[in-house]
Every structure is written in structure tokens, then in C-alpha cells.
Amino acid sequence: MNKEGALTEMSRASQPVEVAIIGSGPAGLTAAIYAARANLEPVVLEGEPSSTSDQPGGQLMLTTDVENYPGFPEGVMGPELMQRFREQAIRFGAHIHTVKASRVDFSSQPYGIWTDDPDTPEPTLRAWTVIVSTGAQSLMLGLDREIELVGHGLSTCATCDGFFFRDQHIAVVGGGDSAMEESTFLTRFASKVTVIHRRDALRASKIMQQRAFENERIEFMWNTVVEEYLGDHALNGLRVRDTVTGETSTLDVTGCFIAIGHSPNTDLFAGQLEMKDNGYLITEPNSTRTAVEGVFACGDVQDDYYRQAVTAAGTGCMAAIEAERYLESLSR
Ligand code: NAP
């Protein structure tokens, strides 16, 4: 049986699968590797290619060098790393389908998942357990060429990319705790960090503000918005506008970190899984169990703190092991 492609072999009348995995970043594919090696033949709905970070392979598909994933002392390109995860999952029997889930029904087991018209009465497949690993997206400014410049001067993760900007002048956009944390962290590498904020007051907590204000390498551009990314293949500057005077100017930076927040991909689960106020899925402490029996959540969709590929992979492993043990406990 072909293990990739459309869900052709999965007719609506077929038997429920043991494990369905929704999402194919480091969390989902690690869950697939573990579930496949436990002979559970997981079905992975990897998503569909799009122009945003919500796509098969997740956020690493939009990065270039990944230097902090263990096992790659020379570094590895983000897309290559995800391709390796994918091949490893297929090698052990995961069935990967390039489709997006359009609806889920977690009201009774086996759970229903639709991949086409959500109004179709019968789901596309049913599963005894579901692992949710739909990830999160960094909020972006929505400017031209934004996605193509990620990894070429533009970044959304100081922990991941700060190292590449040694002795350079870089910008951070945002005025919340993330922007303050990233700016402060980036001064370990950069010669200067300019925080660009759209208002004249920060949203960040006082202690984070104070830390940034006291850092000699950080300066602030208040009431300022970025209007354009400059540079052909790599960022070499920003066109910015003062929102009070209307004046535009160029800021010569070789890097720009967007730190205006994140959004988890959880719309699909509204009303079915418990979420925090910020939309991230709630799991039991030290576990990937959600409040719905047999439904597990792993990776960035339930992590608004670490947000790293390696932590996502770790929770993907946990989800597969928990799903396997749960299946063993089911009397069917
Ligand atoms: P946030 O608190 O929502 O702040 C986002 C910032 O980005 C705000 O200053 C906002 O401006 C600005 N912004 C939003 N959209 C923008 C746009 N389109 N263009 C320009 N600027 C834009 O997000 P966050 O900083 O990621 O923090 C999220 C949560 O995590 C918060 O609860 C925060 O306290 C927490 N957090 C905590 C820590 C820590 O304690 N170590 C670290 C990171 C995050 P306005 O202010 O004008 O709205």
C-alpha cells in the first residue's frame, strides 16, 4: 500500500485506525516514528503546502541553518531536518497524507476526522486515539517578501538565530515581554539592538522593561512601524515610519527579529479541547493527555514557553507512548 499521497485507500467505510496524528512538525513526526515502531501504523495528516508557517513540516520549513538540534554538530537546514524526520517515520510504517484536517469530532470513540467538506455526515477516517500536533505560528508584520526573508536576516527566534548576528546591528520589533527578552538575549551577540515599537510605552512587565532600559546595547525607536524590508536576497535594512511625524527613514540593520506574539493552530479544536486564554491547548502536567480520553497534544500547540524543535520532539515521543499505553488499556 502506498504510504503517502491522498487518503484514497481510506474509504469512509473502513475500520478505525489506532492512531491518527494531525500535524507534521518535529512533534507530530516524532510521535509517528514512535507509534510506527510500536506497530500501530499511525496515519499522519501532514497538512498542505501554503505560503505561511502553517504547512507540512511546520516552522522549521521556514528556517535555514539549525545549529541547536542535537546530533548535527555541523548544523542542518530546517527543511532537510524535517525531511529526515519524515523518511524515518515512513521507514517504520507511518502513513503520511498531504491533507489538512477540516473538522474533528471528539464526542465519542472512535473519533472522527474530516479532511474535505466538513459538512459531510461521515468523517474521512476514524481513530481510537488522536495526537494533536498542529503547532503554532509566529505573528508577522504582513509585509512584502516576509516569508522569503525568514532565515535570510529575518527571524522569529532569538534563541535559534541570535548566534548568527555576532557584532552586528539588529532590530527587534515589538513592545511586549518577548521583545524585551529577545532584545536582552541578543545583546550577547549583537553590537547594537534597536527595539522598534509602534507606541510610546511598552506592554512588557516592569522588570523586563527595566532590564532592557539598563542595557547599554539596547536603544528604542518609539512610535515607529516597519514599512518595508530592504535587501535583495538577504535583509540589509528597514524602511521605518514615525507614526507621529509621518517621516520615513532607513535603519541599517543586517537582522530583524519579529517578536509580536504567537498564535497556536487550534481553531480546529474550538469547543472540543480545553484551551488557555491565549488559545494553547491544555494538557495534564508532565503528560500530553488532554481532558478528552485518548486525545493527546504535543509540540508548540500546547507549549507557549519553550517553543523549541527539540522540546516539541520530546513531547511527540511522550504522546506516542501515552497513546500506546492507552490503547492497551482499552477493552475492544
Ligand atoms: P504580547 O504581550 O501580546 O506583546 C506583543 C507586542 O507586539 C505588543 O507590544 C504589541 O504592541 C506589539 N505588536 C503586536 N502586533 C503588532 C504589529 N502588527 N506591529 C507592530 N507591533 C505589534 O506578546 P509577547 O511579548 O509574545 O508575550 C505573550 C505572553 O507571553 C505575555 O503574556 C507575556 O507576558 C508572556 N511572556 C513572558 C515572558 C517572561 O516572563 N519571561 C517572556 C515572553 C513572553 P502594543 O503594545 O501596541 O499592543
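In this text, all values refer to a predicted model and were calculated from it rather than measured experimentally.

A.B. asks: I keep staring at the pairing of strand β11 (residues 169-173) and nothing clicks. Help me out?
C.D. replies: Consecutive side chains of a regular strand alternate in pointing toward one face of the sheet and then the other. A large share of β11 lies buried, amounting to 5 of its 5 residues. Of the two faces of β11, the one holding H169, A171 and V173 and the one holding I170 and V172 are both buried throughout. Of the strand pairs in this sheet, β11 and strand β12 (residues 192-196) are connected by 5 bridges, and their pairing is parallel. Bridge pairing in β12 links V172 to V195. Chirality of the crossover, the property in question, places the unit of β11, helix α5 (residues 177-186) and β12 among those that are right-handed. Pairing analysis gives 4 bridges linking β11 to strand β17 (residues 255-258), with the strands arranged parallel. Looking across to β17, one finds that I170 is bridged to G255.

A.B. asks: Teacher, can you tell me more about the sheet that holds strand β13 (residues 218-221) here?
C.D. replies: Within a sheet, each strand pairs with its neighbour through backbone hydrogen bonds, oriented either parallel or antiparallel. Reading across from one edge, β10-β17-β11-β12-β13 is the order of the 5 strands in this open sheet, with parallel pairing throughout. Strand pairing shows two members of the sheet lacking a second neighbour, β10 (154-155) and β13, which therefore form its edges. Both β12 and β13 contribute to a ladder of 4 bridges, which runs parallel. Bridging across to β13, V195 finds its partner in F220. Along the sheet, α5 makes contact with β11, β12, β13 and β17, crossing β11 at roughly 165 degrees.

Criteria and thresholds
- Residues numbered from 1 in each chain as written.
- Predicted model: local features only at pLDDT ≥ 70, side-chain atom pairs only at ≥ 80, totals over all residues.
- Heavy atoms only, no water.
- Buried < 20%, exposed > 50% of the residue type's maximum accessible area, 1.4 Å probe, protein only.
- Helix = DSSP H or I, 4+ residues; strand = E, 2+ residues; numbered from the N terminus.
- Pairing = 2+ DSSP bridges.
- Right-handed = clockwise from strand over helix to strand, strands pointing away.
- Contact = heavy atoms within 4.5 Å.
- Axes fitted to C-alpha atoms, helices over the stretch in contact; angles between N-to-C directions.

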